[in-house]
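A structural walkthrough
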Amino acid sequence: MGKPLHLTLAGLDLPVYPLPYLKETLPMAHQWQVYQAVQEALAGSRSLCIFNLSPTGAGKTMAAFAPLLLSPDMGFKAIGVYPTNDLLRDQERALQAMLNRQGLPQEQLLLLDGERLLELRRELEKRSNLEVLGHWSRLVLTNPDILFLLFYRLYPQPRRTALGQQLMQRLFSEYQLLVFDEFHLYNAKQLNDVALLVGSISQLAASPHVFIFSSATPVSQFQAMLASLAIPTVEINGLERAGPAPFGCSSGLFTGDEDTGTLPLPAGQRQVLQPVELYIQPANLLNWEGLEGIIAAYPLLEQYQKRYPEAKVLFVLDSVYEARALADYLHEHKGIDRQDIGEVYGFMDRRGRQEGLARPYTVGTSTIEVGIDFVGAARKDVLIFEARSDSQFLQRLGRLGRGVAVDGAPVPLAIALVPPYVAAYISERMESGAVSGAVLGRQELQCLVREAYLEHHSFNGFIKQYGPLVAWHLYSELLAQQLSDTAGSLQEKMEWLLKRLYGLWGQDVKALYQHYRQDGRLFPLLTFRGSNFLERLLPDRQPLQLLAAVYDTTDQARGFFPFKFYHLPFLLARCRGQLLTAASFQQLFQKFRQHLPAAWEQAAEHFAARLEREEPVAYWQVDGLLVQRRRVYFDLPPRYCPPARRGQVVRLKGLCVYTDPPDLDLEELNDQLADMWAVAWVSTVPRSQLLADYRLPPLMRLYDLTWERCNTVRPFAIAFDLEAFFMSTLSTAAEVFIV
């Protein structure tokens, strides 16, 4: 497994300045610079994009919304966009506290998720559109899925209704500040969606808009797209000293005048990140052996606990299977009481997550790597995490040791599980003297980590190949609503966008768009995360979906709410249990609700609503996890004949799924799957070879495929929905199936 490498990370203190800001707060450089930039842009009626690249933990949320809270008389409103609902609710609580400190009413803040959007529709049945929308808050928090569906007029409830039209008009006119947090988590498709949104608003809105992208990691391709739109852009990293144009603004917004472009002498320092003892542990993450890496590094934790017996520990892994196996290992092999081990996964309710984070040992997945500050009852002194990419390494490490250290508290300890080649590179740099074993600065660490990792495929070709189809759909929807002054003006502006972003004219895109729309391949492109759920809203359509409803008896034994939804291939590969019919699952759920603890009532209501809405393809009772995983593969019927020509996205019908060993009764499930249409990409190149040759992202959903179950020894590969579009952009000469 290899010995761990040791590095000592310096803390990070940033200066604060004696400037008028939020109550009880002196701003850091980046916070004041963002405030000044927003004020000057809106006052000067100029749109602007701001990239806040300040370090993790430096208060980017406060920086983004302080311009709104400090300017109640300017009349503009703001929308905050967060990639996960967990992060969305965490930011709601943070902003509620900011409103309280400013003496502003809580009614100025609205959280707009799917449930709230449905409530708005029900309110419309009782009151007029204007009465309902007139109560919208100055600050709206939502997720990119909702914003995208509203913007593209796709959300099933307000689509082509007065509510939908007025929501769109408000986005164009009143909400002049849009904040996108944790922007480094966006993939190529999502970057395209946001660039198109920015370009459309800047072209079609009468009022100026400011867009803030908060992330410690720059996204160069997205910045290049904005540059093609000729929207002024500034970068702020919060590390500059006083001086003219503190963030190298070339837009002409900042002149270097003392009142706008410079900072006074600091009034003091604020600790942003504490010093951390960091160990780099090599682990075979490609084969999902993170647990073995943790076991190899466990003596480091035990040595630390001898010095700090009250230290609280957090483990972050990418696989629910590995996380649960680790929880079992801690109990069975390290003698830790089950009550001291908390588990936090994405499908758990908020109460369950809070309880899990408060325990001395917490085991979780990526759901806790953004937005959660480990303070108070959730304080953590040790962080042990998998790091499959450089961004994952830096993001997860940044959750530890944030804020001011408490007197007498342990020095935080981090153990990063990395691919062996990353550990080898860092070891070589240390031996050569390029990296000192002494204290390493945070910027030095960032450079070292970025150099050490090989870059995963980012599918940047998606933007040029499929971005125009999304743009043309937006144009079609806007034209149907005639939100611009005239159809001719709208067409002219959208043509400009197409040419600037993609180098194409409308006539080049229209025919291809109509072809994709008519044969049903377009739908995954029309949701922010690339799912195919919009097709399910149409009558007599049965698109493939791989979502299963689950009753997990092991969760119930652990004290967690046991009903959830999960990805079908994971259940087939990893879980013991039995498939249930829809009727028997409903009976099980209703019986459970008759004796429901009060703490689970809300979770049960949410599950019941989603169960009715989602129409899962399978129903499972999970009784445990397998030690040896099953091999899962899909199978194509005889009417598809390989090979034919190079890869493209196609529509397939008749797929079935099988496992090896074949110890599950899948006949009823396959009867359902065979009637569903899949948007897919299929290649004769094996999945394992594709993963290695193209350095695909570690969590890429790519599956084995057989043809009439004949090539089980060397299976082909298949991807669905957004992954299908991503895979079709690879410059591979591999032969593929064709319908």
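Residues numbered from 1 in each chain as written. Predicted model: local features only at pLDDT ≥ 70, side-chain atom pairs only at ≥ 80, totals over all residues. Heavy atoms only, no water.

1. Quick notes on the overall build of the protein
Counting secondary structure elements, the protein contains 26 helices and 27 strands. For the protein, buried positions account for 57% of its 739 residues. Residue pairs at least 24 apart in sequence account for 76% of intrachain contacts in the protein once pairs closer than 6 positions are excluded. When the accessible area of the protein is evaluated, it comes to approximately 30400 Å², of which 50% is carbon and sulfur surface. (Helix = DSSP H or I, 4+ residues; strand = E, 2+ residues; numbered from the N terminus. Buried < 20%, exposed > 50% of the residue type's maximum accessible area, 1.4 Å probe, protein only. Contact = heavy atoms within 4.5 Å. Areas by Shrake-Rupley, 256 points an atom, 1.4 Å probe, with all protein chains shown as cover.)

2. Points about empty space enclosed by the protein
In total, this model carries 6 cavities of 30 Å³ or more according to the counting rule given. In this structure, the second largest cavity occupies an estimated 90 Å³ of space. Forming the boundary of the second largest cavity are 12 residues, of which Arg324, Asp552, Lys564, Phe570 and Leu571 lie nearest the centre. When residues of the lining of the second largest cavity are traced back to their parent elements, those giving at least two are helix H11 (320–334), strand E18 (547–552), strand E19 (563–567), helix H21 (568–574) and strand E21 (618–625). Looking at the lining of the second largest cavity residue by residue, the classes come out as 9 nonpolar, no polar and 3 charged. (1 Å grid on protein atoms, 1.4 Å probe; cavity = no way out; pocket = protein on both sides within 12 Å on 5 of 7 lines; lining within 4 Å. Points joined across faces, edges and corners; volume = space filled by probe spheres on them. Nonpolar A, V, L, I, M, F, W, Y, C, P; charged D, E, K, R; others polar.)

3. Topic: the sheet that holds strand E7 (residues 175–181)
Taken together, 7 strands build an open sheet; the order of strands is E5-E6-E4-E7-E8-E3-E9 and the sheet is parallel. In the strand order of this sheet, the two ends are held by strand E5 (109–112) and strand E9 (233–236), each with one partner. Strand-to-strand twist across the sheet, computed as the mean angle between neighbouring axes with direction ignored, equals 15°. Examined bridge by bridge, strand E3 (residues 48–52) and E9 share 4 bridges and lie parallel to one another. The residue of E9 that forms the bridge with Asn52 is Ile236. Sitting on the sheet, helix H1 (residues 29–43) is in contact with E3, E7, strand E8 (210–214) and E9, with an inclination near 175° to E3. (Pairing = 2+ DSSP bridges. Axes fitted to C-alpha atoms, helices over the stretch in contact; angles between N-to-C directions.)

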